Amino acid sequence: MKIIDNLLPNDIFGRISSMIMQHDGYRCLDYTVYKNESDGSIDQFGEYNPNSNTKKYEVLFTTDIYNTSHNAEVTYDLYHYLRDEFKELYRCLNVKKMILMRANCTIATTENYRSSFHVDINKSPYEGIGKTAILYLNTNNGGTQIKNDAFVRSIANSAVIFTNTTEHAGVWATDKKLRFVLNLNYLEN
């Protein structure tokens, strides 16, 4: 695991974070990691609750930016708008091939809720040979819990990098209404 403070030049980080945090294309999921966390709010219109123990904070707002995890390149509007800024991000992270880039937003909770431990890309040809990086887009008391290791706090323009088989969990903030991260899965040069 490696933590990098001030990953990007301030002007580039400012453009990336502002555009991502103000983007109007987030989709809401009534789960955070695994579909079985869903309480049916979306697909059952709230009429059916298969998980009576579902935590109300198991919700995530997400927007895909770039995805080749299924052997087909799919780029989204943010990728095109920020193409030059992402070139600098790729340089700073030593990216050879981007697999998946996604922005995630969580809402404030009364206590620092932690999602399930997970890996971002499993059962793929990239498993075990790639990296996962989490770039924090705003500062708050949430962060990332690395399984059997450290808690990494969300500090704007810092990143935590680890192998893509490392289990980790998002930790919601209590001191800000929204917590934003840019989640990257890639192969290094």
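To start, this report covers the structure provided alongside it. Here the structure is a predicted model, which means the values were calculated and not measured. (Residues numbered from 1 in each chain as written. Predicted model: local features only at pLDDT ≥ 70, side-chain atom pairs only at ≥ 80, totals over all residues. Heavy atoms only, no water.)

### Side note on the overall build of the protein
- On a plain count of helices and strands, the protein comes out with three helices and 11 strands.
- Element order for the protein, N to C, with α for helix and β for strand: β-α-β-β-β-α-α-β-β-β-β-β-β-β.
- Along the longest, intermediate and shortest principal axes, the C-alpha atoms of the protein span 45 × 35 × 35 Å.
- Counting over 189 residues, the protein shows a buried share of 48%.
- Taking the contacts inside the protein whose residues are at least 6 apart along the sequence as the reference set, 76% of them involve residues at least 24 apart.
- One finds the centroid of the 20 positive side-chain charges in the protein at a distance of 4 Å from the centroid of its 22 negative side-chain charges. (Helix = DSSP H or I, 4+ residues; strand = E, 2+ residues; numbered from the N terminus. Buried < 20%, exposed > 50% of the residue type's maximum accessible area, 1.4 Å probe, protein only. Contact = heavy atoms within 4.5 Å. Lys, Arg positive; Asp, Glu negative; His and termini not counted. Charge placed at Lys NZ, Arg CZ, Asp CG, Glu CD.)

### Describing the pattern of salt bridges
- Counting across every chain of the model gives six salt bridges.
- The partner of glutamate 85 in a salt bridge is arginine 15, and the shortest N-O contact between them spans 2.6 Å. One end of the pair, glutamate 85, is in helix H3 (residues 83-93); the other, arginine 15, is in helix H1 (residues 10-21), and 70 residues separate them in sequence.
- Exposure remark for arginine 15: the relative accessible area of 40% places this residue in the partly exposed category. (Salt bridge = Lys/Arg side-chain N within 4 Å of Asp/Glu carboxyl O.)

### Concerning the side chain of serine 17
- Summarising the element assignment, serine 17 is placed in helix H1.
- From its side chain, serine 17 meets the backbone oxygen of glycine 14 in a polar contact 3.4 Å long. (Polar contact = N/O pair within 3.5 Å; in protein donor to acceptor, adjacent residues only side chain to side chain.)

### Digging into the sheet that holds strand E10 (residues 168-171)
- If you walk across this open sheet you meet the three strands as E8-E7-E10, and the pairing is antiparallel. In this open sheet, the two strands that pair with only one neighbour each are strand E8 (151-153) and E10. Going from strand to strand, the sheet's axes swing by 20° on average, the running direction of each strand aside.
- Of the strand pairs in this sheet, strand E7 (residues 143-146) and E10 are connected by four bridges, and their pairing is antiparallel. (Pairing = 2+ DSSP bridges. Axes fitted to C-alpha atoms, helices over the stretch in contact; angles between N-to-C directions.)

### Concerning the packing of aromatic side chains
- On inspection of all chains with the given rule, the structure shows four aromatic pairs.
- A ring pair is formed by tyrosine 66 and tyrosine 79, whose centres lie 4.9 Å apart and whose planes are at 35°; its orientation type is tilted. Linking tyrosine 66 in strand E3 (residues 60-67) with tyrosine 79 in helix H2 (residues 77-81), this pair joins segments that are 13 residues apart in sequence.
- Tyrosine 66 sits in the buried class, given a relative accessible area of 9%.
- What makes tyrosine 79 buried here is its relative accessible area of 11%.
- Each member of the aromatic cluster is reached from another via a ring pair, and the members are Tyr66, Tyr79 and Phe86. (Phe/Tyr/Trp six-rings, centres within 6.5 Å; stacked < 30°, edge-to-face > 60°.)

### Some words on H1
- The terminal C-alpha atoms of H1, which comprises 12 residues, lie 16 Å apart, in line with the 16 Å expected from a rise of 1.5 Å per residue.
- In this structure, the buried side of H1 is in contact with E3, H2, H3, strand E5 (95-107), strand E6 (131-136) and strand E11 (178-188). (Expected span 1.5 Å × (residues − 1).)

In short, shape yes, function no, at least from these values alone.
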